[in-house]
Amino acid sequence: MKIQAKRFISEKLEEIKQEVGDRGALVATSGGVDSMACALLAHKALGKRAVILFVDDGLMRDSDKKRVREELKPFGINVKVLNVQKDFFKALKGKEDPEEKRKVFRHLFYKTLGKAVKQNKVKSLIQGTIAADIIETKGKIKTQHNILKQIGIDPEKRFGFKVVEPLREIFKYQVRQVAKELGFSPRVYKQMPFPGPGLATRIIGEVTPRKVKILRRATEIVEEEIKELRPFQALAVLLNDKATGIRKGKRSFGNIIAVRSVESKDAMTASVTRVPWRILERIRDRIIKEIPQVVKVLFDITPKPPSTIEYI
Ligand code: XMP
């Protein structure tokens, strides 16, 4: 169901002003449509009392930091960057269980924001949690990184800030409407979803800088080559298994990349994009040529359910 974006925005600007009060708020934006919409809502509601941050945790795509800055600049927003890659890789070291990885990420993410809240002398965090995130986490499908109070974690007691979630009742396609109405470019409101814990949700097993580097490259290739189809979401995944291949005429026990592309309205269910062979072949050729560590490229043909969109 479409929403009345104009009315939604004016109601939310009021809600933000009321909930945040005069102490100001922090918004951490990854560049995704949800957190970008929140950043601009916060800026419009609070002006300089809204501090917009990019948490550079080492798990984002190469272009994300630059894109966040470029897209927010026209609105007069200066983005502060937190360089915390080392902390995140240290916390994720040796962690293989998918839910443990998600919980470790969530804890460090909020601990990092707790520090930033103190440093910036604000009291609240405005975040882009949407309805699907709440439903999936409460339904125990997976621990979405941005759910706290809905599962009994008190952010004030645990991390030292109040959480405000202006998008909690709406789904992705409705957030896109809001982002368009707010004045963002199509590059923002039409973009594919990208999860908060970033590439960590697409690495099976331990997350290391070396694996992230391989996956970041594969992700870029998939996103570039599939763009013309405008899928709901497309991604590359680094599997934990290896396979025998041949590189420079010699045996190479190398990595396996899975490619996934899905169509969906609200991310609660998804069907597989019927990607033409010519595009799959282009993706395969580029991955093999540009990432020497990879010896196999697979295409995932599983809908959601029973699969989920991400791999952990
Ligand atoms: P799944 O993998 O559960 O994903 O089918 C549904 C949608 O949610 C995104 N996703 C996340 N987004 N934090 C987020 O902000 C998370 O922890 C998270 N986990 C999954 C996923 O990319 C898809 O669009």
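See the structure shown above.
Here goes a summary of the coordinates provided. Bear in mind that the values here come from a model prediction, so they are computed numbers and not experimental data. (Residues numbered from 1 in each chain as written. Predicted model: local features only at pLDDT ≥ 70, side-chain atom pairs only at ≥ 80, totals over all residues. Heavy atoms only, no water.)

What to know about the side chain of Q144
This is how the line gets drawn: Counting from the N terminus, the helices are DSSP H or I runs at least four residues long and the strands are E runs at least two residues long. Exposure categories follow from relative accessible area, calculated using a 1.4 Å probe and restricted to protein chains: below 20% of the type maximum is buried, above 50% is exposed, and the middle band is partly exposed. Between two residues, a contact is recorded if the distance between any of their heavy atoms is within 4.5 Å.
Position of Q144 relative to the elements: it lies in the loop between helix 6 (131-138) and helix 7 (155-159). Overall, the relative accessible area of 16% leaves Q144 in the buried class. Setting aside residues no more than four positions away along its own chain, Q144 makes contact with R102, R106, D133, E136 and T137.

With respect to the packing of helix 2 (residues 33-46) against helix 8 (residues 172-182)
Our working rule: Between the N-to-C directions of two axes lies an angle of 0 to 180 degrees, each axis being a line fitted to C-alpha atoms and, for a helix, fitted only over the stretch in contact. For classification purposes, angles smaller than 35 degrees are called roughly parallel, those larger than 145 roughly antiparallel, those between 65 and 115 roughly perpendicular, and all remaining angles oblique. Each crossing gets its hand from how the near helix is turned against the far one by less than a right angle, where anticlockwise is left-handed and clockwise is right-handed.
The interhelical angle for the contact between helix 2 and helix 8, taken along N-to-C directions, is 40°, at an axis separation of 9 Å. In terms of axis orientation, helix 2 runs oblique to helix 8. The hand of the helix 2/helix 8 crossing is left-handed. Facing helix 2, whose interface residues are V33, D34, A37, L40, L41 and K44, helix 8 presents K172, V175, R176, A179 and L182.

Quick notes on the site of the ligand
What counts, and what does not: Proximity is defined per residue: any heavy atom of the residue falling within 4 Å of a molecule or strand makes that residue near it. Here a polar contact is recorded for every N or O atom pair within 3.5 Å, except that within protein the pair must consist of a potential hydrogen donor and a potential acceptor, and residues adjacent in sequence are included only if both atoms are side-chain atoms. Areas reported as accessible are Shrake-Rupley estimates using a 1.4 Å probe. Residue values count occlusion only from the protein chains shown. When residues are grouped by polarity, Ala, Val, Leu, Ile, Met, Phe, Trp, Tyr, Cys and Pro land in nonpolar, Asp, Glu, Lys and Arg in charged, and all others, Gly among them, in polar.
In the neighbourhood of the ligand, 15 residues make up the surrounding shell, with E136, Q144, K304, I309 and E310 lying closest. Between a nitrogen atom of the ligand and a side-chain N or O atom of Q144, the distance comes to 2.9 Å. Interatomic distance of 2.7 Å between a side-chain N/O atom of H145 and a nitrogen atom of the ligand. Within the complex, 93% of the 500 Å² of free accessible area of the ligand lies under protein. Split by residue class, the shell around the ligand holds five nonpolar, five polar and five charged.

Considering the nonpolar core
Convention followed: Throughout, nonpolar core names a set of buried Ala, Val, Leu, Ile, Met, Phe, Trp, Tyr and Cys residues whose side chains join them through atoms within 4.5 Å. All the domain ranges listed were derived from an automatic or database domain assignment.
Grouped together as the largest cluster of nonpolar side chains are 88 residues, with contacts concentrated most on L113, I126 and I257. The element that contributes the greatest number of residues to this core is helix 2, accounting for 10 residues. Each of domain 1 (5-189) and domain 2 (208-299) gives at least three residues to this core. In this structure, I257 is in contact with I214, L215, A218, A236, V237, L238, I287, V294, K296, V297 and L298, ignoring residues within four places of it in sequence. Membership of the second largest hydrophobic core comes to seven residues, among which are F232, L235, V237 and A258.

A few points about helix 11 (residues 277-290)
Just so we agree on the cut-off: Given the number of residues in a helix, its expected span is that number minus one, multiplied by 1.5 Å. Directions are taken from the helix axis to each C-beta atom, and the arc is the one they span.
The terminal C-alpha atoms of helix 11, which comprises 14 residues, lie 20 Å apart, in line with the 20 Å expected from a rise of 1.5 Å per residue. Within helix 11, the full set of buried residues consists of I279, L280, I283, R286 and I287. For helix 11, the angular spread of the buried residues around the axis is 135°, confining them to a single face. Facing away from the buried surface of helix 11 by more than 90 degrees, the exposed residues are W277 and K289. Residues of helix 11 that are buried make contact with helix 10 (209-226), strand 7 (250-263) and strand 9 (294-299).

Description of the environment of K12
Tracing the backbone shows K12 in helix 1 (residues 5-20). Looking at K12, the relative accessible area reads 4%, which means it is buried. For the pair formed by K12 and S307, sequence separation is 295 residues and the distance between their alpha carbons is 34 Å. Residue contacts for K12: discarding those within four places in its chain leaves P166, R168 and E169.

So, a positive patch on the surface
Applicable threshold: Exposure above 30% relative accessible area and the absence of a salt bridge qualify a residue for a patch, where like charges join within 9 Å and nonpolar side chains (Val, Leu, Ile, Met, Phe, Trp, Tyr) within 5 Å. The rule for a salt bridge is simple: a side-chain nitrogen of Lys or Arg has to be within 4 Å of a carboxyl oxygen of Asp or Glu. Charge convention: Lys and Arg are scored as positive, Asp and Glu as negative, and His as well as the terminal groups of each chain are ignored. Where a charge lies is defined by one atom per residue type, namely NZ (Lys), CZ (Arg), CG (Asp) and CD (Glu).
Together, K2, K180, K190 and R230 make up a region of like positive charge exposed at the surface. Along the polypeptide, K180 turns up in helix 8.

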